[in-house]
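Report on the structure
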Amino acid sequence: MRLGLSYRAVFLIVAFAMFAVVMIFGASALSATRGNDAGTVAQMAQTIAAARIEGGYAVMAWFFAHTNAAMRVGIEILLATAFILMCLWPLRHRRWLAIMTFLLIAPILFFLTLFIKDTALVVFVIGSALVMRSRLPEIAKIALVCAIYGVFALYFRQYYYLIIVVFLCLCLLRTLPPVLQVAAVMVGVVALAFVPSDIFYQLQHARDSVNAFRIGRDVAGARTAFVNIVEPGGYGNFLINYGYAIARLHLPFLFGQFRMQEAYLLMNLATYGWLVWTGLRSRDRLVQTPVLLVVSHFAVLMLFEPDLGSYLRHLSSALPYLVPAAVLLDRPARRVVAAFAARRWTGARSAPAPSQQAAHRGPLARGDPASGGVPVARRGRRRGLEPRG
């Protein structure tokens, strides 16, 4: 067995062991709000038969009421297995396997071991990630991902409609020359000034309505909960509150006690930022498009997240979208991608020209600015590491 595969097997065992430990023993001591949503779903399930299904909690409560404990555990295990494999299986180097295993701690703690709305989200995220890793045309991938997110927004979280809008804007923006990109951003900023104040109020008021009863009380999640710094209102107040939310969620040490939980959050955010930056620099759409979807999550979550724990829980659900960027930084995994891309032409009746092959494979196979611009196969030959196929 090759060394890379043995490392992958070891970290897969570690990830599944973490999942098993949390499933069996729970993790309430590590996350004060971990079981809140699960408790809400269980309580609603007692009366959901006589209620009209409306909202994400009600949908999950309906499933809760129509399944037994064994079925729910089976669903959690199945979805967690798919999620973990999707994050770890494409990687080869022990460094990136270790980093991805570390990033998997948050999904395991916050939603892979619970029957909550994020349990359903796993299905939609896996479907979207598979679409973006497929060989479909780029426009078809974007359309399918938007359709998947639209279904989730319809039944679970309406703010996913905003994620769709931001994602489409980013996909359109990247097709423009740099000068037009700057101009488009400036036009967008000015155009927001003409949005009715009531819309800005609705966007800002959500956080205050959630945290009004928690702040100053001894309840779960109150320690990192916060409200808007100015009264929800027009465009100016929106910009102030949005900037304040970015600071509160990404620089928590400036606003209170800095504990292990905040350090863990910052380590996650730093790694996410590294992978996002790598993906944005890449010209390979297999890497860049998923990262644009993660950026859309970042942008929209700043509007609504009420505390640090909820922020990390919702953000970590997008982890599979960052795997292609990790593959780009993982040299052994890149060699596997290059070898696979080369073998795709083997046995073809009429093999395309070398230039067509290079264009089809993309920067992951032929070299990418984020990895120095050196073709993977050439780098392998120079070091005696050329993949054999």
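Cut-offs used in this document
Residues numbered from 1 in each chain as written. Predicted model: local features only at pLDDT ≥ 70, side-chain atom pairs only at ≥ 80, totals over all residues. Heavy atoms only, no water. Helix = DSSP H or I, 4+ residues; strand = E, 2+ residues; numbered from the N terminus. Buried < 20%, exposed > 50% of the residue type's maximum accessible area, 1.4 Å probe, protein only. Contact = heavy atoms within 4.5 Å. Areas by Shrake-Rupley, 256 points an atom, 1.4 Å probe, with all protein chains shown as cover. pLDDT = per-residue confidence, 0-100. Axes fitted to C-alpha atoms, helices over the stretch in contact; angles between N-to-C directions. Left-handed = near helix turned anticlockwise from the far one by under 90°. Salt bridge = Lys/Arg side-chain N within 4 Å of Asp/Glu carboxyl O. Phe/Tyr/Trp six-rings, centres within 6.5 Å; stacked < 30°, edge-to-face > 60°. Polar contact = N/O pair within 3.5 Å; in protein donor to acceptor, adjacent residues only side chain to side chain. Core = buried A, V, L, I, M, F, W, Y, C linked by side-chain atoms within 4.5 Å. Expected span 1.5 Å × (residues − 1). Parallel < 35°, antiparallel > 145°, perpendicular 65-115°, else oblique. Nonpolar A, V, L, I, M, F, W, Y, C, P; charged D, E, K, R; others polar. Patch = residues over 30% accessible without salt bridge, like charges linked within 9 Å, V, L, I, M, F, W, Y side chains within 5 Å. Lys, Arg positive; Asp, Glu negative; His and termini not counted.

1. Brief notes about the overall build of the protein
Helix and strand counts for the protein come out as 20 helices and zero strands. For the protein, buried positions account for 45% of its 389 residues. Looking at the protein alone, contacts between residues at least 24 apart form 70% of all its contacts between residues at least 6 apart. With an accessible surface of roughly 19300 Å², the protein has 67% of that area assigned to carbon and sulfur atoms.

2. A look at the confidence of the model for the protein
When the pLDDT values of the protein are averaged, the result is 80; 76% of them are 70 or greater. Between residues 344-361, whose pLDDT stays under 50, and residues either more than four places distant or in other chains, the model counts 13 contacts. For the stretch residues 365-389, pLDDT sits under 50, and the model shows 44 contacts to residues farther than four places along the chain or on other chains.

3. Focus on the environment of R334
Mapping R334 onto the fold places it in helix α17 (residues 331-343). In sequence terms R334 and P90 are 244 residues apart; their C-alpha atoms lie 9.4 Å from each other.

4. Describing the packing of helix α11 (residues 197-211) against helix α12 (residues 235-250)
Two elements in contact, α11 and α12, have axes separated by 10 Å at closest approach and are oriented at 35 degrees. In the packing of α11 onto α12, the handedness of the crossing is left-handed. Taken together, the residues of α12 that come into contact with α11 (itself represented by F200, L203, Q204 and R207) are Y235, N237, F238, N241 and A245.

5. With respect to the pattern of salt bridges
Considering all chains together, one arrives at two salt bridges under this definition. Between R174 and E138 there is a salt bridge whose closest N-O contact spans 2.9 Å. Of the two residues, R174 sits in the loop between α9 (160-173) and α10 (178-192) while E138 sits in helix α8 (residues 138-155), which places them 36 residues apart along the sequence. Each member of the pair, R174 as well as E138, carries the same accessibility label: buried. Two residues, E262 and R223, come together in a salt bridge whose shortest N-O distance is 2.8 Å. With E262 in helix α13 (residues 260-281) and R223 in the loop between α11 and α12, the pair connects residues that are 39 residues apart, well separated along the chain.

6. A few points about the packing of aromatic side chains
Applying the stated criterion across every chain, the model contains 16 aromatic pairs. Each ring, one from Y159 and one from Y160, has its centre 5.2 Å from the other, and the planes form 35 degrees; the classification is tilted. The pair Y159 / Y160 is uniform in exposure class, with both members buried. One aromatic cluster is present, formed by F124, Y149, F152, F156, Y159, Y160 and F304 through successive ring pairs.

7. Considering the side chain of E262
Taking relative accessible area as the criterion, E262 reaches 2% and is therefore assigned buried. Side chain to side chain, E262 and R223 meet in a polar contact 2.8 Å long. In contact with E262, not counting residues within four places along its chain, are R223, T224, P252, Q257 and L308.

8. A short note on the nonpolar core
If you look at the biggest cluster of nonpolar residues, it comprises 91 residues, and the most contacted ones within it are M100, L104, Y311 and Y321. No other element matches the 11 residues that helix α14 (residues 285-304) contributes to this core. When sequence neighbours within four positions are dropped, the list of residues in contact with Y311 reads L249, H250, L265, L269, F298, L301, M302 and E305.

9. Overview of the environment of L97
Here L97 is to be found in helix α5 (residues 94-103). Taking the C-alpha atoms as reference, L97 lies 6.7 Å from R8; in sequence the two are 89 residues apart. What L97 contacts, discounting residues up to four positions off in sequence, is Y7, R8, F11, L88, L91 and R92.

10. Regarding α12
The end-to-end C-alpha separation of α12 is 23 Å, in line with the 22 Å expected for 16 residues at 1.5 Å each. Against the buried residues of α12 lie α10, α11, α13, α14 and α15 (308-316).

11. Some thoughts on the environment of W89
Secondary-structure assignment places W89 in the loop between α4 (69-88) and α5. For the pair W89 and V323, spaced 234 residues apart in sequence, the C-alpha separation works out to 9.6 Å. Residues in contact with W89, not counting those within four places in the same chain, are R8 and L12.

12. Side note on the packing of α5 against α13
One can describe the packing of α5 onto α13 by two numbers: an axis separation of 10 Å at closest approach and a directional angle of 130 degrees. Relative to α13, the element α5 lies oblique. Considering only the axes of α5 and α13, their crossing is left-handed. The residues of α13 that touch α5, namely those facing W96, I99, F102 and L103, are Y264, M267, N268, T271, Y272, W274 and L275. In terms of residue class, the contact of α5 with α13 is built from nine nonpolar, two polar and no charged.

13. Overview of a nonpolar patch on the surface
Taken together, the side chains of L251, F253, L254, F255 and F258 make up a nonpolar region of the molecular surface, amounting to roughly 460 Å² of accessible area. Its place among the elements puts L251 in the loop between α12 and α13.

14. Some remarks on the side chain of E305
Inspection of the secondary structure assignment puts E305 in the loop between α14 and α15. R313 is the oppositely charged side chain nearest to the buried, salt-bridge-free E305, at an N-O distance of 6.6 Å. Excluding residues within four positions of it along the chain, E305 makes contact with R207, F226, L249, S310, Y311 and H314.

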